[in-house]
Every structure is written in C-alpha cells, then in structure tokens.
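A closer look at the structure
Listed here are the chains, written in short residue letters.
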Amino acid sequence: MATTLYGSSSTASLVVHWLLIELGIEHELVLLDFDTREQKGADYLALNPAGRVPTLVIDGQVFTEAAAIALHLADLHPQAGLLPAPGTPERGQAYRWMFWCANTLQPAYRAWFYASEPAGEANTEATRAMARQQLEAAWQQMADHLESNGPYVLGERLSVVDFMLVMLMRWSRNMPRPSDSWPVLKAFADHMKARSAFAEVYRREGISDWT
C-alpha cells in the first residue's frame, strides 16, 4: 500500500509516525513547515480542510484525526495485537480510553496552548488556569487507573492507547506540573519510551527533549 503521512515535528502526527515505524509500514513522511503556515496552504487544505496534522493517505484514501488513524492502523495490522478483538469488553475499554485522550486531554491542551481562542485575549490567564486544572485532574485519574489496572492502559496488554497517551503526556513537559511528576505515569512513559520505535521517531523528526 502506498502510504504518506503529512505531519510536523513534535505535533499530534508523532503518534501516527511512531505507529508506522512500530508496525514496520513503509511510508513517505512529509513534514509541513508551520512557521510558514504550510498547513494552511491550498494544496494541503485540499487534503485536510481543517489545516491541521496529521493526515494519512493510504492508496489515495485520506484519513485525519490522530486517534482515529491510530485505531485504523491497528485494525489494518491485527497481527501486531495492538487492539483487542471487536465486540469484546476489552475493545470497549480501548475505545473508552482513546476517546478520553481525544475528548478530555486534547481540548484541554488546546485551551492551554491557544488560550485566546475560546474566550479572547482578555481571558487568557483564566482559560489557561482552567486548562491546567483539567489536565492535572486527568493525570490524576490516569495515575489512579494505572496504579490499579496497569502496567498498560488496558492492563497487561500493550495497545494503541498507550502510544496515544505517551504522545499526550509529552505535551505537558513544560507545564507547571508535567504528567511525569506522577511516579506511576513516569514509570509507564519510561517503559514506552524504551521501545526502539520511539528512538527512531525521535531521530527522524529531530526531537531531543523528554527522552
């Protein structure tokens, strides 16, 4: 299959890039220059009208949204065992936590990094304070979950949810209370970061922090 990933270093496309490497999927990587707003150019908007990354193109079919792409890649490569069987309670838990990542963590991060978007410049500090509160509450929830049900999000089984979670944990690295200040979350992240594909995605994207 001809596979092309459009992304940008250190963004939401990292989880897709990491999974492509983890799964041994040959692909072309197109890194967009956010400084020149290449993601808002006409050519890219024709692929992804939202003007965001990632966008994955497989044999001409366009896929967007990092969590959805991660789930789709796991379905395309069942031999890797990164998702439980469809219809099982475990599969339902995978959906639960993947949507938690997309619906709880990602919006809070957007409010933190782009605080003027929801309520204007005058409310930036209040927006960031609320976003921080939401994220720290979420990290506590996940720390409690892993403490009782780990070592992975789905228990003993590695899944795409773990890859998604680590990417989102990384985004907190410069916040007042980073996700890995919770010991159980740090242990989880360190275990995932020890995977060879993590080092390789860092190498290919030129990333050196949060190692």
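Read on for an overview of the structure. (Residues numbered from 1 in each chain as written. Predicted model: local features only at pLDDT ≥ 70, side-chain atom pairs only at ≥ 80, totals over all residues. Heavy atoms only, no water.)

**Section: a negative patch on the surface**
Where like charges cluster on the molecular surface, the negative patch consists of D33, D35, E38 and D43. Classification of E38 by relative accessible area gives partly exposed; the value is 38%. (Patch = residues over 30% accessible without salt bridge, like charges linked within 9 Å, V, L, I, M, F, W, Y side chains within 5 Å. Areas by Shrake-Rupley, 256 points an atom, 1.4 Å probe, with all protein chains shown as cover. Salt bridge = Lys/Arg side-chain N within 4 Å of Asp/Glu carboxyl O. Lys, Arg positive; Asp, Glu negative; His and termini not counted. Charge placed at Lys NZ, Arg CZ, Asp CG, Glu CD. Buried < 20%, exposed > 50% of the residue type's maximum accessible area, 1.4 Å probe, protein only.)

**Examining the pattern of salt bridges**
Scanning all chains against the criterion turns up 10 salt bridges. For D75, the salt bridge identified is with R91, shortest N-O distance 2.7 Å. Of the two residues, D75 is situated in helix α3 (residues 66–76) and R91 in helix α4 (residues 89–113); the sequence distance between them amounts to 16 residues. Judged by relative accessible area, which is 41%, D75 ranks as partly exposed. On the accessibility criterion, R91 (6% relative accessible area) is buried. A salt bridge links K193 to D190, with the shortest nitrogen-to-oxygen separation between them at 3.8 Å. A residue pair is termed a helical-turn pair when its members lie 3 or 4 positions apart in one helix, as K193 and D190 do in helix α8 (residues 183–193) at three residues. Connected through shared salt-bridge partners, R170, R173 and D209 make up one network. (Helix = DSSP H or I, 4+ residues; strand = E, 2+ residues; numbered from the N terminus.)

**Description of the packing of aromatic side chains**
Using the criterion set out here, one finds seven aromatic pairs in the structure. Taking the centre distance of 5.1 Å and the plane angle of 70° together, the rings of W18 and F198 count as edge-to-face. Here W18, found in helix α1 (residues 13–22), pairs with F198, found in helix α9 (residues 196–205); they are 180 residues apart in sequence, far enough to count as distant. Counting every residue linked through ring pairs, the aromatic cluster contains W18, F163, F198 and Y202. Note that R110 overlies the ring of Y114, its terminal NZ or CZ placed 4.4 Å from the centroid. The ring centre of W112 lies 3.8 Å from the NZ or CZ of R128, which sits over that ring. (Phe/Tyr/Trp six-rings, centres within 6.5 Å; stacked < 30°, edge-to-face > 60°. Lys NZ or Arg CZ within 6 Å of the ring centre and 35° of its normal.)

**Thoughts on the pairing of strand β4 (residues 61–64)**
Bridging between strand β3 (residues 55–58) and β4 involves four bridges; their strand directions are antiparallel. From the neighbouring strand, L56 faces β4, where its bridge partner is F63. From the end of β3 to the start of β4, which pair antiparallel, there are two residues, and D59 there has a positive phi angle of about 50°. (Pairing = 2+ DSSP bridges.)

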